[in-house]
Amino acid sequence: MSKIAIIGATGRAGSQLLEEALRRGHSVTAIARDTSKIGARAGLVSKNVDVLDAAALQDAVAGHDVVISAAHFATVPASALIGPVKQAGVKRLLVVGGAGSLLLPDGTRVIDSAGFPAEYKAEASAGAAFLDALRQEKELDWTFLSPSALFFEGERTGKFRVGKDDLLVSADGQSSITFADYAIALIDEVETPKHSRQRFTVGY
């Protein structure tokens, strides 16, 4: 079993990752600005941390096998995480990515398509920049998991497909994954690493 620190553990993706990791018997440290909503659980430690406070973050993640970041890219850039994680001596960083940097059949990015919603542009652009920063990183063993275009609350089915850099689209033309199934794919990667220093994606 691993010691996993989850940054952004109170968010929609982070809370499902927390549930999945605890379900499998891992030790989890939930990191967020306010963890009061989480409550006490066996195998769980909660820490209130301002992720942009490098010293506090370094202290919070020290001693863990893996750090998972489910923080928003627009407010927490790669530089705010990579330094403290490395300084803490943690070797692996897994990141809840975005779909915007995935590729369409014509080789262009989802974010650059004509119909991409303007309200998601800033976050998606920041996510693409975060991935670019990871690709320049020489020391950390990182993984960036992009969800499908529609990332939503729904059931945990355990049935999904895994891809690399191309947006996954189902037979009915939908590109989607629930937070619960996404969490399965990411905790699978924690337990059995298959995408070291790579981005991959998951969808139905």
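Residues numbered from 1 in each chain as written. Predicted model: local features only at pLDDT ≥ 70, side-chain atom pairs only at ≥ 80, totals over all residues. Heavy atoms only, no water.

What is the right way to read the overall build of the chain from this model?
Along the backbone of the chain there are five helices and ten strands. Computed over its C-alpha atoms, the radius of gyration of the chain comes to 16 Å, within 12% of the 17 Å expected for a compact globule of 204 residues. When the backbone C-alpha atoms are referred to their principal axes, the chain occupies close to 45 × 35 × 30 Å. Here the chain holds 204 residues, and 49% of them are scored as buried. Considering only contacts within the chain whose residues lie at least 6 apart along the sequence, 71% involve residues at least 24 apart. For the chain, the exposed area adds up to about 9,500 Å²; of that, 51% sits on carbon and sulfur atoms. (Helix = DSSP H or I, 4+ residues; strand = E, 2+ residues; numbered from the N terminus. Rg over C-alpha atoms; globule rule 2.2 N^0.38 Å. Buried < 20%, exposed > 50% of the residue type's maximum accessible area, 1.4 Å probe, protein only. Contact = heavy atoms within 4.5 Å. Areas by Shrake-Rupley, 256 points an atom, 1.4 Å probe, with all protein chains shown as cover.)

Hey, could you run me through helix α4 (residues 121-136) in this one?
With 16 residues, α4 extends 23 Å from end C-alpha to end C-alpha; this agrees with the ideal 22 Å at 1.5 Å per step. Here α4 has its buried residues at A124, G127, A128, F130, L131 and L134. Considered in projection along α4, the buried side chains sweep an arc of 155° and stay on one side of the axis. In this structure, α4 carries A122 and Q136 as exposed residues pointing more than 90 degrees from its buried face. Lining the buried residues of α4 we find α3 (78-87), β5 (92-96), β6 (141-146) and β10 (198-203). (Expected span 1.5 Å × (residues − 1). Arc of directions from axis to C-beta.)

Teacher, can you tell me more about helix α1 (residues 12-23) here?
An α-helical turn contains 3.6 residues, so a residue and the one three or four places further along point in the same direction. In this model α1 runs 17 Å from its N-terminal to its C-terminal C-alpha over twelve residues, within 8% of the 16 Å that 1.5 Å per residue would give. Of all the residues in α1, the buried ones are A13, G14, L17, L18, E20, A21 and L22.

Whenever I open this one, the layout of surface pockets confuses me. Can you help?
Regions of empty space are outlined by a rolling probe, equal in size to a water molecule, passed over the atoms. Considering only enclosed or pocket space, the largest pocket measures out at about 1,000 Å³ in volume. Looking at the largest pocket, it is lined by 38 residues, and the ones nearest its centre are R12, H72, G97, E123 and F151. Residue assignment for the lining of the largest pocket shows that the elements contributing at least two residues are α1, β2 (27-32), α4 and β7 (150-152). Among the elements that take part in the lining of the largest pocket, α1 stands out by supplying three residues, more than any other. (1 Å grid on protein atoms, 1.4 Å probe; cavity = no way out; pocket = protein on both sides within 12 Å on 5 of 7 lines; lining within 4 Å. Points joined across faces, edges and corners; volume = space filled by probe spheres on them.)

Is there a simple way to explain the pairing of β5 in this structure?
Among the five residues in β5, five count as buried, and that is most of the element. Along β5, one buried face is formed by R92, L94 and V96 and the opposite face, lined by L93 and V95, is buried too. Pairing of strand β4 (residues 66-69) with β5 involves four bridges; the strand directions are parallel. Pairing of S69 across the sheet is with V95, part of β5. In terms of handedness, the path from β4 via α3 over to β5 forms a crossover that is right-handed. Relative to β6, β5 is paired through five bridges, and the arrangement is parallel. (Pairing = 2+ DSSP bridges. Right-handed = clockwise from strand over helix to strand, strands pointing away.)

How should the UniProt feature "domain: NAD(P)-binding" (unreviewed entry) in the chain be read in this particular structure?
Following the UniProt record, one finds the feature "domain: NAD(P)-binding" (unreviewed entry) at residues 8-188. Overall, residues 8-188 shows 31% helix and 19% strand. The separation of its end C-alpha atoms is 19 Å. (UniProt positions renumbered as here; feature names shortened; annotations may be inferred.)

So what exactly am I meant to see when it comes to the packing of helix α2 (residues 54-61) against α3 here?
Helix packing geometry: the angle between the two helix axes and the distance between the axes. Closest axis-to-axis distance for the α2/α3 pair is 8 Å, and the angle between their directions is 50°. With respect to α3, the element α2 is oriented oblique. Helix-helix and strand crossings are classified by hand; for α2 and α3 the assignment is right-handed. Taken together, the residues of α3 that come into contact with α2 (itself represented by A54, L57, Q58 and V61) are A80, L81, P84, V85 and Q87. When its residues are assigned to classes, the contact of α2 with α3 shows seven nonpolar, two polar and no charged. (Axes fitted to C-alpha atoms, helices over the stretch in contact; angles between N-to-C directions. Parallel < 35°, antiparallel > 145°, perpendicular 65-115°, else oblique. Left-handed = near helix turned anticlockwise from the far one by under 90°. Nonpolar A, V, L, I, M, F, W, Y, C, P; charged D, E, K, R; others polar.)

I'm lost on the pattern of salt bridges in this one. Help?
Where charged atoms from two side chains of opposite charge approach closely, those side chains can pair. Within this structure, the stated rule accounts for 14 salt bridges. In this structure, the salt-bridge partner of E20 is R24, at a minimum N-O distance of 2.9 Å. The class for E20 is buried, based on a relative accessible area of 1%. Across the pair D50 and R33 runs a salt bridge whose closest N-O atoms are separated by 3.7 Å. (Salt bridge = Lys/Arg side-chain N within 4 Å of Asp/Glu carboxyl O.)

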